[in-house]
Amino acid sequence: MLPERRRQYLETIGIDLWVKRTRVASGVVPAETPAAAPAAPAAVATAFGAVAAAPEAAIEWQQLLEQVRRCTLCPLHSTRTQGVLGVGPKRADWLVIGEAPGAEEDRRGEPFVGAAGQLLDAMLRAIGLDRRTNVYIANVLKSRPPNNRDPRPEEVEACLPYLVRQIALLQPKIMLAVGRIAAQNLLGTDAPLGRLRGRVHHFGERQTPLVVTYHPAYLLRTPADKRKAWEDLKFARSVYQQLTQGAADGNRS
Ligand code: SF4
C-alpha cells in the first residue's frame, strides 16, 4: 500500500501520526519513515487474496444461512429482527469475529455496520484488508441480545456450533477476535483482554492462529487505545505474512 494512502487510513482511524526522530548534534530531526505507519511490502495489499467458494460449499453456506434465520435454539430468537450470519468472501484468508449484532446490524442483517463498522473497515484497510474482497466478518452470537447486554453462557453455547461450521467452511488462515467477549468465548478463558493481546492463540481442530484486539465500539469510546489496536493489527499482519511465507517456502522445497 502506498504510504500516503496508509497515512489517510490511519488518520481515518484516528491515530495521530508521529515521526521517528534521529538524534543529531544539534538536537533531533525527523527520519524519513513515519514510525506509526511503516511502509508495507508491495505485496501486502495484494497478498490477501480470496478464492470463491466451491459449488458444494455454496450449498452448505446457503443451508447455514437458512438455519440461522430459522434458529430458535436460545431465547434471543424472540427479540431479534433477524439472525446475522456474516459477510465477506466465502474463502477469505482472514476471519474477524466480534461479539453479537447490535441494533443497526440486527436491522440490516450484516455484522459491523454503523460507526463501529466504519472504524473496523478503516482498521482493516490500514493493513490492506477489505470485507468485500479478502476478509470475512462474523460474530460469536448470530442474534442481538436485548439492549446490547453481554451474551449469556447458555446463549454462546447454543450458538457457537454455527460459528464452528462457518470456520470449517471458510478455513481461514488467521482469525482476529475483536473485543473481550469474543476473545474470552473463543479461547475459553476469563482473562482480561489486555493479557490476551500481543500473542498468537489457536482455535479449533485446525488450530487456526488467532490474534486478539479491541472492539471498534470500545475504541470509539476510548480513542486513547487506538494506537494499541494499531499495534495489534500490525502484529496480526506479521503473523499472517509469516504463515503465508512459510507455506510458500514449503511448496518450493
Ligand atoms: S443467538 Fe444463535 S442460538 Fe440463539 S437464536 Fe440466534 S442463532 Fe439461534
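The sections below set out a description of the structure shown in this document. (Residues numbered from 1 in each chain as written. Predicted model: local features only at pLDDT ≥ 70, side-chain atom pairs only at ≥ 80, totals over all residues. Heavy atoms only, no water.)

Here we look at the packing of helix 2 (residues 55-70) against helix 5 (residues 153-170)
At a minimum axis separation of 11 Å, helix 2 and helix 5 run at an interaxial angle of 165 degrees. Taken as axis vectors, helix 2 and helix 5 run roughly antiparallel relative to one another. Considering only the axes of helix 2 and helix 5, their crossing is left-handed. Residues E60, W61, L64, Q67 and V68 of helix 2 pack against Y162, R165, Q166, L169 and L170 of helix 5. (Axes fitted to C-alpha atoms, helices over the stretch in contact; angles between N-to-C directions. Helix = DSSP H or I, 4+ residues; strand = E, 2+ residues; numbered from the N terminus. Parallel < 35°, antiparallel > 145°, perpendicular 65-115°, else oblique. Left-handed = near helix turned anticlockwise from the far one by under 90°. Contact = heavy atoms within 4.5 Å.)

Quick look at the pattern of salt bridges
Here the structure, examined in full by the defined rule, presents 14 salt bridges. The salt bridge involving R107 is made with E104; its shortest N-O contact spans 2.8 Å. Taken together, the residues R107 and E104, both in helix 3 (residues 103-108) and three residues apart, mark about one turn of the helix. Through salt bridges with shared partners, a single network forms among E66, R69 and R70. (Salt bridge = Lys/Arg side-chain N within 4 Å of Asp/Glu carboxyl O.)

Overview of the nonpolar core
Within soluble globular proteins, side chains that are nonpolar tend to cluster in buried spots. Among the nonpolar cores identified, the biggest contains 58 residues, and W94, L95, V96, I97, Y136, I137 and L186 are the most heavily contacted of them. Looking at this core, the element that brings in the most residues is helix 5, giving seven residues. (Core = buried A, V, L, I, M, F, W, Y, C linked by side-chain atoms within 4.5 Å. Buried < 20%, exposed > 50% of the residue type's maximum accessible area, 1.4 Å probe, protein only.)

A look at the site of the ligand
In the region of the ligand, the neighbouring residues are C71, L73, C74, L76, H77, R80, K142, S143, A158, C159 and Y162. Taken atom by atom, the bulk of the ligand overlaps the largest cavity. Taken together, the residues of the shell around the ligand break down into seven nonpolar, two polar and two charged. (Near = heavy atom within 4 Å. 1 Å grid on protein atoms, 1.4 Å probe; cavity = no way out; pocket = protein on both sides within 12 Å on 5 of 7 lines; lining within 4 Å. Sits in = over half its atoms within 2 Å of the grid points. Nonpolar A, V, L, I, M, F, W, Y, C, P; charged D, E, K, R; others polar.)

With respect to the layout of surface pockets
Size it by volume and the largest pocket reaches roughly 580 Å³. Surrounding the largest pocket, 27 residues form its lining, E99, H215, A217, Y218 and R221 being those nearest its centre. Examining the composition of the lining of the largest pocket, we find that four residues originate from one element, helix 8 (residues 216-221), more than from any other. A breakdown of the residues in the lining of the largest pocket according to their chemical character gives 14 nonpolar, six polar and seven charged. Within this model, the second largest pocket holds a volume of roughly 200 Å³. Contributing to the lining of the second largest pocket are 13 residues, with L65, L85, G86, K90 and Y136 lying nearest its centre. The element best represented in the lining of the second largest pocket is helix 2, accounting for four residues. (Points joined across faces, edges and corners; volume = space filled by probe spheres on them.)

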